[in-house]
Amino acid sequence: MVSALTASPLLLVQERAPGAADARFRNARELFNQRKWLAAAAEARIARQLDPGNAAAWKLSGLALQLAKKIAEAEQEFAAAIRVFPGDPDLWFYLGRVRYLNHTLRQAEEAIRRALRLNVDHSDAHTQLGLILDERHQYDAALEHYRKAAELNARHSRPETMPLASSSRLLLKLGRLEASLRDANAAVAIAPRNGGLLLLRGRIFERLGNREAALRDYLESVRLSGDTTAHAHAARLEAGVSVSDPGGTAAPRDTGGTFRFENEATQARLTFELRNCATENKYQVETMIAGVAAFDYDGDGWQDVYFVNGAELPALKKTSSRYWNRLFRNNGDGTFADTTARAGVAGEGYSMGVAAADYDNDGDPDLFVAGVDRNILFRNNGDGTFTDATAGARVGGSIRSEQDVVRCGRLA
């Protein structure tokens with residue numbers, strides 16, 4: 001198989017016989033159905049090069065790249081397709097979705113709203129716009145779009161749970177428990193064997209004080225999907241501790257002094273990777289990294305997490321996003337969302353530690369990041385974003401040069 005990135009012009013000319021593009025596209029669909037994402041993207045790219053008017057080939061290549069987690073390439077593919085098919089609402093929706101996945105929310109919203117101007121009844125676009133507005137804390141507007149998507153899906157007999165589940169999670173976070181349960185019930189009616197939906201409904205039942213129904217849903221979630229979070233909630237309820245107890249006053253069952261922990265980072269979408277830039281020189285800073293803060297930066301009652309990260313050595317510069325510090329907002333449902341870019345807290349330099357405190361006494365927790373070559377004070381603006389207030393507070397600190405790092409940072 002010849003990659004679309006390496007196919008020679010001669011090959012493409014030779015393949016311009018009738019049906020060549022269709023054959024390539026059929027092969028791309030087969031590879032896509034086999035979940036061979038990169039191979040499918042390569043075949044689809046050749047198909048649309050052979051026939052630039054094949055919109056489906058453009059879409060398939062972009063979707064395959066997205067599923068292969070090549071988000072930047074997928075965005076480029078959809079943007080290029082839109083230049084050819086500017087009136088296709090699906091392409092605008094796909095572009096908005098990959099931008100959302102890349103945490104560029106303003107640009108994602110622009111693309112999704114363009115899709116809805118082209119097709120006001122695009123249910124997936126309504127769901128996606130709801131997710132974007134939800135993340136931007138525009139909750140009433142988000143709920144409106146979730147409801148619109150659910151109505152459209154019901155009208156067209158389309159069994160889709162995502163808008164209902166998203167609405168239920170948001171309503172749960174807002175404390176509107178009866179409405180949250182209504183949407184969760186509707187979602188479970190569509191997909192009764194979905195362990196994630198049962199976990200969600202179990203949490204709602206527990207908040208409502210119905211422990212028996214909550215435990216039933218938790219155990220069913222474990223049976224259907226082996227969900228470790230549901231297992232932990234079920235074990236907690238069986239031990240006599242419920243979130244509906246004020247302050248957790250119920251007496252837990254004697255466990256015999258034995259406790260068991262499970263790694264749920266993947267399920268929770270805490271995807272942070274520490275980058276210390278290990279080198280042959282073995283700089284001392286490589287061994288001392290890094291810090292983490294757990295704090296409620298957006299005031300929604302859920303603990304968020306901020307990780308600090310390293311930088312390229314010996315330059316002490318965050319030369320790419322892989323070195324960013326990362327802020328994860330707690331969604332209140334056992335998962336987190338990376339809000340680093342929107343919050344403006346990617347940081348600079350080689351970060352070593354972090355403290356969260358309200359330094360200006362405005363009621364919002366701020367962040368102080370200690371680093372090798374500089375410190376940073378991020379002031380919480382109270383709207384989900386932060387401002388670098390380091391210079392005004394005179395807490396920056398600095399080193400003189402890379403040579404200072406090499407001279408002072410090498411291990412003996």
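Residues numbered from 1 in each chain as written. Predicted model: local features only at pLDDT ≥ 70, side-chain atom pairs only at ≥ 80, totals over all residues. Heavy atoms only, no water.

Caption draft 1: The arrangement of the sheet that holds strand S5 (residues 351-357) in detail. Strand order in the open sheet made by the four strands is S5-S6-S7-S8, with antiparallel pairing throughout. Of all strands in the sheet, those bounded by a partner on one side alone are S5 and strand S8 (386-388). Across the sheet, the axes of successive neighbouring strands diverge by a mean angle of 20 degrees, strand direction being ignored. Pairing of strand S7 (residues 376-380) with S8 involves three bridges; the strand directions are antiparallel. Among the inter-strand pairings, Phe378 is bridged to a residue of S8, identified as Asp388. (Pairing = 2+ DSSP bridges. Helix = DSSP H or I, 4+ residues; strand = E, 2+ residues; numbered from the N terminus. Axes fitted to C-alpha atoms, helices over the stretch in contact; angles between N-to-C directions.)

Caption draft 2: Structural view of the packing of helix H5 (residues 71-84) against helix H6 (residues 89-101). Close contact between H5 and H6 brings their axes to 9 Å; oriented N to C, the two are set at 155 degrees. In terms of their interaxial angle, H5 and H6 are classed as roughly antiparallel. Seen from above, H5 lies across H6 with left-handed handedness. Contact residues: Ile71, Ala74, Glu75, Phe78, Ala79, Ala81 and Ile82 in H5; Leu91, Trp92, Tyr94, Leu95, Val98, Arg99 and Leu101 in H6. (Parallel < 35°, antiparallel > 145°, perpendicular 65-115°, else oblique. Left-handed = near helix turned anticlockwise from the far one by under 90°. Contact = heavy atoms within 4.5 Å.)

Caption draft 3: Seen up close, helix H8 (residues 123-135). Compared with an ideal rise of 1.5 Å per residue, which puts 13 residues at 18 Å, H8 spans 19 Å between its outermost C-alpha atoms and is within 8% of the ideal. Listing the buried residues of H8 in full gives Ser123, Ala125, His126, Thr127, Gln128, Leu129, Gly130, Leu131, Ile132, Leu133, Asp134 and Glu135. The inward-facing, buried residues of H8 abut H6, helix H7 (105-118), helix H9 (139-155), helix H10 (162-173), strand S3 (326-330) and strand S4 (336-338). The first or second residue beyond H8 is His137, which carries a positive phi of 65 degrees. (Expected span 1.5 Å × (residues − 1). Buried < 20%, exposed > 50% of the residue type's maximum accessible area, 1.4 Å probe, protein only.)

Caption draft 4: Looking closely at the confidence of the model for the chain. The predicted model of the chain averages 85 in pLDDT, with 87% of residues at 70 or higher. Low confidence marks residues 245-256, where pLDDT is under 50. Its contacts with residues over four positions away, or in another chain, come to 12 contacts. In the predicted structure, residues 408-412 sits below a pLDDT of 50 and forms 15 contacts with residues beyond four places in sequence or in another chain. (pLDDT = per-residue confidence, 0-100.)

Caption draft 5: Looking closely at the sheet that holds strand S2 (residues 304-307). One open sheet accounts for four strands, arranged S1-S2-S3-S4; its pairing is antiparallel. Only two strands of the sheet have a single partner each, and these edge strands are strand S1 (292-295) and S4. Pairwise comparison of adjacent strand axes, ignoring direction, gives a mean angle of 20 degrees for this sheet.

Caption draft 6: Inspection of the pattern of salt bridges at higher detail. Under the criterion given, the structure shown has 18 salt bridges. Here Arg106 ties to Glu110 by a salt bridge, and the two come within 2.9 Å at their closest N and O atoms. Taken together, the positions of Arg106 and Glu110, both in helix H7 and four residues apart, correspond to about one turn of that helix. For Arg106, a relative accessible area of 49% gives the class partly exposed. Classification of Glu110 as partly exposed rests on a relative accessible area of 44%. Within the structure, one salt-bridge network assembled from shared partners comprises Arg45, Arg48 and Glu77. (Salt bridge = Lys/Arg side-chain N within 4 Å of Asp/Glu carboxyl O.)

Caption draft 7: The arrangement of the packing of helix H4 (residues 55-67) against H6 in detail. Packing of H4 against H6 leaves a shortest axis separation of 11 Å and a crossing angle of 15 degrees. Judged by the angle between their axes, H4 and H6 are roughly parallel. In this structure, H4 meets H6 at a crossing whose hand is left-handed. For the pair H4 and H6, the contacting residues are Lys59, Leu63 and Gln66 in the first and Asp90, Leu91, Tyr94, Arg97, Val98 and Leu101 in the second. In terms of residue class, the contact of H4 with H6 is built from five nonpolar, one polar and three charged. (Nonpolar A, V, L, I, M, F, W, Y, C, P; charged D, E, K, R; others polar.)

Caption draft 8: Geometry of helix H3 (residues 37-50). If you check H3, its first and last C-alpha atoms are 20 Å apart, about what 14 residues at 1.5 Å a residue would give, namely 20 Å. In terms of burial, H3 is largely enclosed, as 11 of its 14 residues are buried. Turning to H3, its buried residues number three or more, namely Trp37, Ala40, Ala41, Ala42, Glu43, Ala44, Arg45, Ile46, Ala47, Arg48 and Leu50.

Caption draft 9: Expanded view of the nonpolar core. Core analysis: the largest hydrophobic core is formed by 46 residues, its most contacted members being Phe78, Leu91, Leu95 and Ile112. Each residue touching Leu95, except ones within four places of it in the same chain, is listed here: Glu75, Phe78, Ala79, Ile82 and Ala111. (Core = buried A, V, L, I, M, F, W, Y, C linked by side-chain atoms within 4.5 Å.)

Caption draft 10: Seen up close, the pairing of S2. Neither face of S2 is open: one carries Asp304 and Tyr306, the other Val305 and Phe307, and all of them are buried. The pairing of S1 with S2 spans four bridges and is antiparallel. Among the inter-strand pairings, Val292 is bridged to a residue of S2, identified as Phe307. Where S2 and S3 come together, three bridges link them in antiparallel fashion. Across the sheet, residue Tyr306 finds its bridge partner in S3, namely Leu327.

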